[in-house]
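Chain by chain, the residues:
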Amino acid sequence: MAIAMGRALLLHPCSASSSSTLSFTSRNTHNPYSSLAADTLWSAAKTGPRHPLTVAQAQPRPTWLPGLDPPPYLDGSLPGDYGFDPLGLGEDPDSLKWYVQAELVHARFSMLGVAGILFTDLLRVTGIKNLPVWYEAGAVKFDFASTRTLLFVQLLWMGYAETRRYMDFVSPGSQAKEGSFFGLEAALEGLEPGYPGGPLLNPLGLAKDVKSAGAWKQKEIKNGRLAMVAMLGFFVQAAVTHKGPIDNLVEHLSNPFHNTIIHTLSN
C-alpha cells in the first residue's frame, strides 16, 4: 500500500500538504508503519523523483508546403526530397529512379547555362568582348567551322555521352569496366548512376565517398533547381524585353520603383 500511495504522491507532488499528511497519519493509527510511510512519502514528494521523465518529440519533416503530408513513396531518402510531387509522377519506383536522374541532368545543364549566359552577357554589356546576346548566339557564323560541322560534332559527342549515361543507369557500374571508356575508367570511377566522380569530374575531391556525400548532393540539387528557375526567367525576359539578363538588371537598378516586372508586363 505504501508503494502505491508513494506513486500517487510522486505523480502529484503539488497536491500534498502538511495538513493532508497529518490527516493521513491520524486515520491510519492501526498500522504501525503508517506514520513512517507518511513521513517518507512526504519527503519524497518534496524532493521529487531522482530520475525525472524526459519526453523527446520528433521534429517534423520539412516539406515544400508546411503542414502538408508528403506522399509515402517520397520518404526523405532522396537528396532534396521535400515531398513535392503534385502530379504523382514518382508513384512507380522505376519511374521515380528515372525522374531523379532526369532532374539531376537538367539541373547540371541549367547551372552551366546560367553561368555561361551571365558571364558572356557581362562581357558584352561592359564592352570587354564583342559578343552577341545569348539567344542570338546560335545564329553566329564561326570562321573555324561551319554550322553543319558544329552540329554534327555536338550530336556525335553528346549522343555518345548520353548513351553511356543511359547504359550506366540500366546497368549500374557497367561503364566503369576496364576498356569501356578509352582507358579513362579510373578517372571516372562510376561509383553510382548520375555521380561518376573521379579526378575528371570531381577534381577537388569534395565527395570521394559518394555514399556519405549526402550534404553535397543536397547542395547540388538545390542549386540546380534554382538554376532551372533562373533559366525559365531568362527565357521569359528574352521573349518580353528582347534583352539579356544583365541589361534587364542594369535597367531595373537605374529606376527600381518604375522598371519592374509589373510595369514591363503591363506595357
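Procedures and definitions
- Residues numbered from 1 in each chain as written.
- Predicted model: local features only at pLDDT ≥ 70, side-chain atom pairs only at ≥ 80, totals over all residues.
- Heavy atoms only, no water.
- UniProt positions renumbered as here; feature names shortened; annotations may be inferred.
- Core = buried A, V, L, I, M, F, W, Y, C linked by side-chain atoms within 4.5 Å.
- Buried < 20%, exposed > 50% of the residue type's maximum accessible area, 1.4 Å probe, protein only.
- Helix = DSSP H or I, 4+ residues; strand = E, 2+ residues; numbered from the N terminus.
- Contact = heavy atoms within 4.5 Å.

An unreviewed UniProt entry annotates the chain as Chlorophyll a-b binding protein, chloroplastic of Linum tenue. In its Function (unreviewed entry) section, UniProt records this for the chain: "The light-harvesting complex (LHC) functions as a light receptor, it captures and delivers excitation energy to photosystems with which it is closely associated." Per UniProt, the chain has the following entry under Subcellular location (unreviewed entry): "Plastid, Chloroplast thylakoid membrane".

> Sorry, what's going on with the nonpolar core here?
Burial of nonpolar side chains together is a common tendency in soluble globular proteins. Judged by nonpolar contacts, Val114, Ile117, Val133, Trp134, Ala227, Met231, Phe234 and Ala238 together constitute the single largest core of 8 residues. Contributing elements (two or more residues each) for this core: α4 (93-126) and α8 (214-241). Considering every element that reaches this core, the biggest residue donor is α8, with 4 residues. Non-local contacts of Trp134, meaning those with residues more than four positions away in its chain, are made with Ile117, Phe234, Phe235, Ala238, Gly244 and Pro245.

> I'm lost on the UniProt feature "binding site: chlorophyll b" (unreviewed entry) in the chain in this one. Help?
As annotated in UniProt, the feature "binding site: chlorophyll b" (unreviewed entry) corresponds to Arg108 and Leu188 in the numbering used here. You can see Arg108 is positioned in helix α4. What Arg108 contacts, discounting residues up to four positions off in sequence, is Gly194, Tyr195 and Glu220.

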